[in-house]
Amino acid sequence: MVISIYKLTDKYPKEEVYNLTSQIRRAAVSIPSNIAEGIGRQSDKETIHFLCIAKGSLFELETQMYLAFDLEY
């Protein structure tokens, strides 16, 4: 998914590089990163915490992608 997001956002307008493009890419990278960190933790409670953070990043990414679609990127 992250690779697809990078390829897709590479086509966005250059004035968005430090705005929406950056936000979308950071949210996309955050999802698998938090999943990996959670799985690497020593307790179920910590794992669940990081999975919840990943889920939040997923919703953030979804919202940003809707915005990009609405802006016709």
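Before any of the text, the structure's been laid out above.
The following refers to the structure shown. Remember, predicted model here, so these are calculated numbers, not experimental data.

### Points about the overall build of the protein
Then, number 1: Along the backbone of the protein there are 3 helices and 0 strands.
Then, number 2: Listed N to C, the secondary structure of the protein is α-α-α in terms of helices and strands.
Then, number 3: Along the longest, intermediate and shortest principal axes, the C-alpha atoms of the protein span 45 × 20 × 20 Å.
Then, number 4: Burial statistics for the protein: of 73 residues in total, 29% are counted as buried.
Then, number 5: Taking the contacts inside the protein whose residues are at least 6 apart along the sequence as the reference set, 59% of them involve residues at least 24 apart.
Then, number 6: Per element, the accessible surface of the protein, about 5200 Å² overall, is 60% carbon and sulfur.
Then, number 7: Of the charged side chains in the protein, 8 are positive and 10 negative; the average position of the first set lies 6 Å away from that of the second.

### Quick word on unusual backbone geometry
Then, number 1: One non-glycine residue with positive phi stands out, namely E72, at about 65 degrees.
Then, number 2: Residue classification places E72 among the exposed residues on the basis of a relative accessible area of 74%.

### Let's talk about the packing of helix 1 (residues 2–9) against helix 2 (residues 20–39)
Then, number 1: Taken N-terminus to C-terminus, the directions of helix 1 and helix 2 make an angle of 175 degrees; their axes are 9 Å apart at the nearest point. Between helix 1 and helix 2, the angle falls in the class roughly antiparallel. Where helix 1 approaches helix 2, its residues V2, I5, Y6 and T9 are matched on the opposing element by T21, I24, R25, A28, V29 and P32.
Then, number 2: When the residues that make up the contact of helix 1 with helix 2 are grouped by side-chain class, the tally is 7 nonpolar, 2 polar and 1 charged.

### A word on a nonpolar patch on the surface
Then, number 1: A contiguous nonpolar surface patch, about 260 Å² in accessible area, is contributed by I35, I39 and L51.
Then, number 2: For I35, a relative accessible area of 33% corresponds to the partly exposed category.

### Examining the nonpolar core
Then, number 1: Counting 10 residues, the largest nonpolar core is built from V2, I5, Y12, L20, I24, A27, A28, I31, L61 and A68.
Then, number 2: Residue assignment for this core shows that the elements contributing at least two residues are helix 1, helix 2 and helix 3 (44–70).
Then, number 3: For this core, the element with the most residues is helix 2, which contributes 5 residues.

### Description of the side chain of N34
Then, number 1: Note that N34 resides in helix 2.
Then, number 2: Sequence-distant contacts of N34, that is, excluding residues within four places in its chain, are made with F50, I53 and A54.

The rules behind each value
- Residues numbered from 1 in each chain as written.
- Predicted model: local features only at pLDDT ≥ 70, side-chain atom pairs only at ≥ 80, totals over all residues.
- Heavy atoms only, no water.
- Helix = DSSP H or I, 4+ residues; strand = E, 2+ residues; numbered from the N terminus.
- Buried < 20%, exposed > 50% of the residue type's maximum accessible area, 1.4 Å probe, protein only.
- Contact = heavy atoms within 4.5 Å.
- Areas by Shrake-Rupley, 256 points an atom, 1.4 Å probe, with all protein chains shown as cover.
- Lys, Arg positive; Asp, Glu negative; His and termini not counted.
- Charge placed at Lys NZ, Arg CZ, Asp CG, Glu CD.
- Axes fitted to C-alpha atoms, helices over the stretch in contact; angles between N-to-C directions.
- Parallel < 35°, antiparallel > 145°, perpendicular 65-115°, else oblique.
- Nonpolar A, V, L, I, M, F, W, Y, C, P; charged D, E, K, R; others polar.
- Patch = residues over 30% accessible without salt bridge, like charges linked within 9 Å, V, L, I, M, F, W, Y side chains within 5 Å.
- Salt bridge = Lys/Arg side-chain N within 4 Å of Asp/Glu carboxyl O.
- Core = buried A, V, L, I, M, F, W, Y, C linked by side-chain atoms within 4.5 Å.

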